[in-house]
Amino acid sequence: QVQLVESGGGLVQAGGSLRLSCAASGLTFSVYAMGWFRQAPGKERESVAAIGWSDSSTYYADSAKGRFAISRDNAKNTVYLQMDSLKPEDTAVYYCAAVLSPSGRVVVATTRYDYWGQGTQVTVSS
(Lines give C-alpha, C1' and ligand atoms only; values in the text may rest on other atoms or scores of the structure.)
Protein backbone atom coordinates (compact mmCIF):
# COMPACT_ATOMS: atom_id res chain seq x y z
CA GLN A 1 0.00 0.00 0.00
CA VAL A 2 1.08 3.54 -0.71
CA GLN A 3 2.18 5.53 2.28
CA LEU A 4 3.46 9.07 2.59
CA VAL A 5 4.91 10.15 5.91
CA GLU A 6 5.76 13.76 6.61
CA SER A 7 8.19 14.98 9.22
CA GLY A 8 9.94 18.18 10.21
CA GLY A 9 7.03 20.36 11.21
CA GLY A 10 6.94 22.27 14.44
CA LEU A 11 6.96 25.67 16.06
CA VAL A 12 9.31 28.33 14.79
CA GLN A 13 9.65 32.08 15.18
CA ALA A 14 9.04 34.43 12.29
CA GLY A 15 12.12 34.62 10.12
CA GLY A 16 13.19 31.12 11.01
CA SER A 17 13.47 28.01 8.90
CA LEU A 18 12.10 24.50 8.75
CA ARG A 19 12.78 21.60 6.46
CA LEU A 20 9.91 19.24 5.83
CA SER A 21 10.49 15.71 4.60
CA CYS A 22 8.09 13.26 3.02
CA ALA A 23 9.09 9.63 2.79
CA ALA A 24 7.16 7.60 0.23
CA SER A 25 6.69 3.86 0.03
CA GLY A 26 4.58 1.47 -2.02
CA LEU A 27 5.05 3.30 -5.32
CA THR A 28 7.59 3.74 -8.08
CA PHE A 29 8.70 7.05 -6.71
CA SER A 30 10.76 8.28 -9.66
CA VAL A 31 7.75 8.51 -12.03
CA TYR A 32 5.49 10.36 -9.62
CA ALA A 33 5.07 14.07 -9.39
CA MET A 34 5.15 15.23 -5.80
CA GLY A 35 3.65 18.24 -4.14
CA TRP A 36 3.43 20.11 -0.90
CA PHE A 37 0.10 21.62 0.08
CA ARG A 38 -1.14 23.44 3.11
CA GLN A 39 -4.43 24.19 4.77
CA ALA A 40 -5.07 26.82 7.38
CA PRO A 41 -8.25 26.85 9.49
CA GLY A 42 -11.21 28.08 7.48
CA LYS A 43 -9.30 28.09 4.22
CA GLU A 44 -9.13 25.83 1.20
CA ARG A 45 -6.20 23.54 0.74
CA GLU A 46 -3.68 25.25 -1.50
CA SER A 47 -0.63 24.21 -3.44
CA VAL A 48 2.64 25.48 -2.03
CA ALA A 49 5.21 23.80 -4.22
CA ALA A 50 5.38 20.87 -6.58
CA ILE A 51 8.01 18.94 -8.48
CA GLY A 52 8.11 16.65 -11.49
CA TRP A 53 10.63 13.91 -12.10
CA SER A 54 13.56 16.10 -11.21
CA ASP A 55 14.51 19.33 -9.51
CA SER A 56 14.47 21.09 -12.90
CA SER A 57 10.66 20.91 -13.10
CA THR A 58 9.12 22.80 -10.20
CA TYR A 59 6.25 25.07 -9.30
CA TYR A 60 5.91 27.56 -6.47
CA ALA A 61 2.94 29.50 -5.28
CA ASP A 62 3.47 33.25 -5.28
CA SER A 63 3.51 33.19 -1.50
CA ALA A 64 6.37 30.71 -1.51
CA LYS A 65 8.58 32.09 -4.26
CA GLY A 66 12.00 33.12 -3.07
CA ARG A 67 11.50 31.59 0.36
CA PHE A 68 10.70 27.92 -0.18
CA ALA A 69 12.51 25.28 -2.18
CA ILE A 70 11.24 21.85 -3.15
CA SER A 71 13.59 19.02 -4.00
CA ARG A 72 13.58 15.27 -4.26
CA ASP A 73 15.97 12.42 -3.68
CA ASN A 74 14.78 9.46 -5.69
CA ALA A 75 17.35 7.16 -4.12
CA LYS A 76 15.68 7.80 -0.77
CA ASN A 77 12.09 8.02 -2.06
CA THR A 78 11.87 11.36 -0.32
CA VAL A 79 10.71 14.84 -1.23
CA TYR A 80 11.72 17.90 0.78
CA LEU A 81 10.42 21.38 1.36
CA GLN A 82 12.99 23.83 2.64
CA MET A 83 11.18 26.81 4.16
CA ASP A 84 13.15 29.95 4.96
CA SER A 85 12.10 33.39 6.15
CA LEU A 86 8.93 31.96 7.60
CA LYS A 87 6.00 34.25 8.29
CA PRO A 88 3.01 33.85 10.61
CA GLU A 89 0.79 33.47 7.54
CA ASP A 90 2.68 30.28 6.70
CA THR A 91 1.04 28.64 9.70
CA ALA A 92 -0.95 25.64 8.47
CA VAL A 93 -1.07 21.90 8.27
CA TYR A 94 1.29 20.87 5.49
CA TYR A 95 0.53 17.82 3.39
CA CYS A 96 2.67 15.80 1.04
CA ALA A 97 0.98 14.28 -2.00
CA ALA A 98 1.85 12.10 -4.99
CA VAL A 99 0.42 11.51 -8.46
CA LEU A 100 1.69 9.45 -11.37
CA SER A 101 3.18 11.73 -14.01
CA PRO A 102 3.97 9.82 -17.22
CA SER A 103 5.29 12.99 -18.87
CA GLY A 104 7.57 13.87 -15.98
CA ARG A 105 5.99 17.30 -15.70
CA VAL A 106 5.11 19.00 -12.49
CA VAL A 107 1.47 18.74 -11.34
CA VAL A 108 -0.07 21.60 -9.41
CA ALA A 109 -3.80 21.10 -8.91
CA THR A 110 -4.81 19.48 -5.66
CA THR A 111 -7.57 17.50 -7.37
CA ARG A 112 -5.06 15.64 -9.51
CA TYR A 113 -3.18 14.07 -6.61
CA ASP A 114 -4.06 10.52 -5.65
CA TYR A 115 -2.11 9.89 -2.49
CA TRP A 116 -1.76 12.06 0.57
CA GLY A 117 0.17 12.03 3.79
CA GLN A 118 -1.29 12.62 7.20
CA GLY A 119 -0.08 16.20 7.42
CA THR A 120 2.32 17.95 9.73
CA GLN A 121 1.64 21.13 11.65
CA VAL A 122 3.78 24.18 11.00
CA THR A 123 3.27 27.08 13.37
CA VAL A 124 5.10 30.36 12.93
CA SER A 125 4.96 32.78 15.83
CA SER A 126 5.36 36.53 15.51
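Remember, it's a predicted structure, so these values are computed and weren't measured experimentally.

Q: It is not clear to me how the overall build of the chain should be interpreted in this structure. Could you clarify?
A: Of the regular secondary structure elements, the chain holds 0 helices and 11 strands. Secondary structure elements of the chain occur, N-terminal to C-terminal, as β-β-β-β-β-β-β-β-β-β-β. Taking the principal axes of its C-alpha atoms as reference, the chain extends roughly 40 × 30 × 25 Å. Expressed as a percentage of the 126 residues in the chain, the buried residues total 44%. Counting only contacts in the chain whose residues sit at least 6 apart along the sequence, the fraction spanning at least 24 positions is 60%. Accessible area of the chain: about 6300 Å², with a carbon and sulfur share of 47%. Where the 11 positive side-chain charges of the chain centre and where its 10 negative ones centre are 3 Å apart.

Q: I tried to follow the pairing of strand E4 (residues 32-39) on my own but got confused; where do I start?
A: Consecutive side chains of a regular strand alternate in pointing toward one face of the sheet and then the other. The element E4 is extensively covered by neighbouring structure, given that 7 of its 8 residues are classed as buried. Linking E4 to strand E5 (residues 46-51), which pair antiparallel, is a turn of 6 residues; within it Gly-42 sits at a positive phi near 80°.

Q: Mind showing me how you'd approach the sheet that holds strand E1 (residues 3-7) here?
A: In sheet architecture, strand pairing relies on hydrogen bonds along the backbone and comes in two forms, parallel and antiparallel. Read across the sheet, 4 strands follow the order E1-E3-E8-E7 without closing on themselves; strand pairing throughout is antiparallel. Whereas interior strands pair on both sides, the edge strands pair on one side only; in this sheet they are E1 and strand E7 (68-73). Going from strand to strand, the sheet's axes swing by 15° on average, the running direction of each strand aside. In terms of strand pairing, E7 meets strand E8 (residues 78-83) through 6 bridges, oriented antiparallel. Paired with Phe-68 across the two strands is Met-83, which belongs to E8.

Q: In this structure, what is going on with the nonpolar core? I would like to understand it.
A: One broad rule of soluble globular proteins: the nonpolar side chains tend to lie buried together. Grouped together as the largest cluster of nonpolar side chains are 29 residues, with contacts concentrated most on Met-34, Val-79, Leu-81, Met-83 and Tyr-94. Secondary structure elements with two or more residues in this core: strand E3 (18-25), E4, E5, E7, E8, strand E9 (92-100) and strand E11 (120-125). The next biggest cluster of nonpolar side chains, apart from the first, holds 7 residues, and it includes Ala-33, Phe-37, Val-99 and Tyr-113.

Q: How should I be thinking about the side chain of Ser-21 in this particular structure?
A: Among the structural elements, Ser-21 can be located in strand E3. Apart from residues lying up to four places away in sequence, Ser-21 is in contact with Val-5, Glu-6, Ser-7, Trp-36, Thr-78, Val-79 and Tyr-80.

Q: I keep staring at the environment of Ser-17 and nothing clicks. Help me out?
A: Tracing the sequence through the fold places Ser-17 in the loop between strand E2 (10-13) and E3. Taking the C-alpha atoms as reference points, Ser-17 and Met-83, 66 residues apart in sequence, are found 5.4 Å from one another. Ignoring sequence-local partners within four residues, the contact set of Ser-17 consists of Val-12, Gln-82, Met-83, Asp-84, Ser-85 and Leu-86. Only 2.8 Å separates the side chain of Ser-17 from the side chain of Asp-84, close enough to count as a polar contact.

Conventions we followed
- Residues numbered from 1 in each chain as written.
- Predicted model: local features only at pLDDT ≥ 70, side-chain atom pairs only at ≥ 80, totals over all residues.
- Heavy atoms only, no water.
- Helix = DSSP H or I, 4+ residues; strand = E, 2+ residues; numbered from the N terminus.
- Buried < 20%, exposed > 50% of the residue type's maximum accessible area, 1.4 Å probe, protein only.
- Contact = heavy atoms within 4.5 Å.
- Areas by Shrake-Rupley, 256 points an atom, 1.4 Å probe, with all protein chains shown as cover.
- Lys, Arg positive; Asp, Glu negative; His and termini not counted.
- Charge placed at Lys NZ, Arg CZ, Asp CG, Glu CD.
- Pairing = 2+ DSSP bridges.
- Axes fitted to C-alpha atoms, helices over the stretch in contact; angles between N-to-C directions.
- Core = buried A, V, L, I, M, F, W, Y, C linked by side-chain atoms within 4.5 Å.
- Polar contact = N/O pair within 3.5 Å; in protein donor to acceptor, adjacent residues only side chain to side chain.

Keep in mind these numbers describe shape, not what the thing actually does.
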